[in-house]
Amino acid sequence: MRTPLQPVNPATLEPLEIAEQAADAEIDEAVSEATRAMRTGWPRDHRLRAQSLNAWADLLSDHSSELADDLVRETGKPIGEARKEIAGAIDSLRFNAGLARLPLGRAAGLPDGSEAHLVREPVGPTVFITPWNWPVLLLLRDLAPAFAAGVTALVKPAPQTTHITRRVIALGHRAGVPPEVLHVLPGDAEVGAALVAHPDTRAVAITGSTEAGQAVMRAAAATMTRPLLELGGKASMLVLEDADLEAAVEAAARAAVITSGQMCMACTRILVHAHHATDAEKLLRERLAALNPGDPRDESTDLGPLISEASVNKVLTAVDRAREDGRVLVGGQQVHPDGLPGHFLTPALVSELDPRSPVVQEDIFGPLLSLEVFDSDETAIELANATPFGLAAAVWTRDLTRGFAVARELQSGTVWLNGYNHSYAEMPSGGVRMSGMGRTRGVEGVEQFTELKHVHFPVGL
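Parameters at a glance
Residues numbered from 1 in each chain as written. Predicted model: local features only at pLDDT ≥ 70, side-chain atom pairs only at ≥ 80, totals over all residues. Heavy atoms only, no water. Pairing = 2+ DSSP bridges. Helix = DSSP H or I, 4+ residues; strand = E, 2+ residues; numbered from the N terminus. Contact = heavy atoms within 4.5 Å. Axes fitted to C-alpha atoms, helices over the stretch in contact; angles between N-to-C directions. Salt bridge = Lys/Arg side-chain N within 4 Å of Asp/Glu carboxyl O. Buried < 20%, exposed > 50% of the residue type's maximum accessible area, 1.4 Å probe, protein only. Core = buried A, V, L, I, M, F, W, Y, C linked by side-chain atoms within 4.5 Å. Polar contact = N/O pair within 3.5 Å; in protein donor to acceptor, adjacent residues only side chain to side chain. UniProt positions renumbered as here; feature names shortened; annotations may be inferred. Phe/Tyr/Trp six-rings, centres within 6.5 Å; stacked < 30°, edge-to-face > 60°. Lys NZ or Arg CZ within 6 Å of the ring centre and 35° of its normal.

- Going by the annotation in an unreviewed UniProt entry, the name recorded for the chain is Acyl-CoA reductase-like NAD-dependent aldehyde dehydrogenase, with Saccharopolyspora dendranthemae given as the source organism.

1. Considering the sheet that holds strand β3 (residues 126–129)
Thinking step 1. Pairing is mixed across the open sheet formed by 6 strands, whose spatial order is β5-β4-β3-β6-β7-β17. Each end of this open sheet is capped by a strand with a single partner; those strands are β5 (182–184) and β17 (436–437).
Thinking step 2. Sheet topology places strand β7 (residues 226–230) next to β17; 2 bridges connect them, and they run antiparallel. Bridge pairing in β17 places Leu-229 opposite Met-437.
Thinking step 3. In this fold helix α6 (residues 162–174) packs onto β4 (153–156) and β5, with an angle of close to 160° to the strand it touches most, β5.

2. Structural notes on the sheet that holds strand β1 (residues 106–109)
Thinking step 1. Spatial ordering of the open sheet is given by β1-β2-β18, a layout of 3 strands whose pairing is antiparallel. Both outer strands of the open sheet, β1 and β18 (450–457), are each paired with one neighbouring strand and no more. Each strand axis lies, on average, 20° off the axis of its neighbour in the sheet, ignoring direction.
Thinking step 2. One ladder, built from 8 bridges, connects strand β2 (residues 115–122) with β18; its direction is antiparallel. Note on β18: the bridge partner recorded for Pro-122 is Thr-450.

3. So, the pattern of salt bridges
Thinking step 1. Applying the stated criterion to the full structure yields 27 salt bridges.
Thinking step 2. A salt bridge links Asp-70 to Arg-167; the shortest N-O distance between them is 2.8 Å. Of the two residues, Asp-70 is situated in helix α3 (residues 64–75) and Arg-167 in helix α6; the sequence distance between them amounts to 97 residues.
Thinking step 3. Under the relative-accessibility criterion, Asp-70 is labelled buried at 3%.
Thinking step 4. Its salt-bridge partner being Arg-120, residue Glu-447 comes within 3.7 Å of it at the nearest N-O pair. Of this pair, Glu-447 sits in helix α15 (residues 442–447) while Arg-120 sits in strand β2, and the two are 327 residues apart along the sequence.
Thinking step 5. Taking relative accessible area as the criterion, Arg-120 reaches 26% and is therefore assigned partly exposed.
Thinking step 6. Overlapping salt bridges, with partners in common, bring together Glu-66, Asp-70, Arg-73 and Arg-167 in one network.

4. Let's talk about the nonpolar core
Thinking step 1. The biggest cluster of nonpolar side chains holds 49 residues, and the ones touching the most others in it are Trp-56, Leu-60, Leu-140, Leu-143, Phe-147, Val-168 and Leu-182.
Thinking step 2. Of all the secondary structure elements, the ones that give two or more residues to this core are α2 (46–62), α3, α4 (79–99), α5 (135–149), β4, α6, β5 and β6 (203–207).
Thinking step 3. When residues in this core are grouped by element, the largest group, 9 residues, is from α5.
Thinking step 4. What Leu-60 contacts, discounting residues up to four positions off in sequence, is Leu-67, Ile-86, Ala-89, Ile-90, Leu-93, Leu-140, Val-168 and Leu-171.
Thinking step 5. Residues Ala-235, Ala-251, Met-265 and Trp-416 belong to the second largest nonpolar core, which totals 39 residues.

5. Overview of the side chain of Gln-21
Thinking step 1. You can see Gln-21 is positioned in the segment before α1 (24–37).
Thinking step 2. Overall, the relative accessible area of 12% leaves Gln-21 in the buried class.
Thinking step 3. At 2.7 Å, the side chain of Gln-21 and the backbone nitrogen of Asp-188 are in polar contact.

6. Remarks on the UniProt feature "domain: Aldehyde dehydrogenase" (unreviewed entry) in the chain
Thinking step 1. In the numbering adopted here, UniProt assigns the feature "domain: Aldehyde dehydrogenase" (unreviewed entry) to residues 6–455.
Thinking step 2. For the annotated span residues 6–455, helix accounts for 41% and strand for 18% of the residues, and the straight-line distance between the end C-alpha atoms is 51 Å.

7. Focus: the packing of aromatic side chains
Thinking step 1. Enumeration according to the criterion identifies 3 aromatic pairs in this entry.
Thinking step 2. Relative to Phe-449, the ring of Phe-128 lies with its centre 5.8 Å away and its plane at 35°, an arrangement referred to as tilted. Pair noted here: Phe-128 is in strand β3 and Phe-449 is in the loop between α15 and β18, with a separation of 321 residues, a long-range link. Like Phe-449, Phe-128 is buried.
Thinking step 3. Looking at Lys-77, its charged tip hangs above the ring of Trp-134, at a distance of 3.7 Å from the centre.

Printed below as a string of structure tokens:
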């Protein structure tokens, strides 16, 4: 028997609704229903899927205020960020509602006069393992294109955000998604592994740590379940010599504290040309010192609490290591704003670390930004590529030709020029190396949840 999981509000430390773990029998029944549903009209009825996704978006919009409040309570993110998350989820549903009616595949004549049709078919029952940090957006970012393709879904949410995931999925059922098509199965990693290794699930999409992704791949190997993995990151911002330094610093500081740094695309390293080193340090000190933690329900709060005591300890250990091996320029202190007992930290800026330092190399997953210096574009590229990750990066320069050339050399799934964290339902995203494999969003995101079949036949023979 699996032990119930007790999430807590990370700001107040008050207990939240207990997450009852799915039993083995529930998992088997849900997979059986999802498998049978692949033989119903759902995979073939493009209009039904489009209508359901649009209706789901309408319901999310109608309930956006309550859902944002739930996000604040369960994740600790500031209310403004919570609203943006709900808006992004709505946008994903609306965009993919259109793609649900897009014919996929192609046909062509062959040299011997026969015909070849390349048909894209939904891959089958798919497991979605979602994280706690952006539980609504990251669920629907993957689920909406999967439904556009025509799969059935088994969702395993993070225990911390089971409640809001259930609410969102209940709205999906109200919108017209049949219950046998969309299931939620709460629990820990054991439940996720059971779903991935089940002989009747055909694909898995997970957003999580690199370690979690590796565990999913091991579980998937037994049945060749296809993985879509968006994993950890160590995103760098490269500020070239001709860049607008103040604009870049402002963007880096904000990007370093999104979800209190607990986001795979958060900016964790800012690489500046030696010409800017002194000014960059001064500006970053000032900007990060001004970003104070606070009650996430307050409209003026810049960053809320970290999710747990273990997360705080991991960041504080990294700060101590940076103090031993380099310099801690500002921040990295545990605080209790507004008398709240939760897991709050001031954002930390560190510098003068060897690129091989664990602080530079590891995914700390907290509000810690490393300042590094280079003297040429080539060195900047080498430094940026010196970690095992490759999810996101940014380049700042007034010369877009130069910026594009640098972007092409970065080993990263997404590179922004003169900006940060611009994601769109239209454009695919994903990582390389230890940051994952596969792509979600865009037409490519729909194709990710399809199998390609070649159907060949003669003509007039």
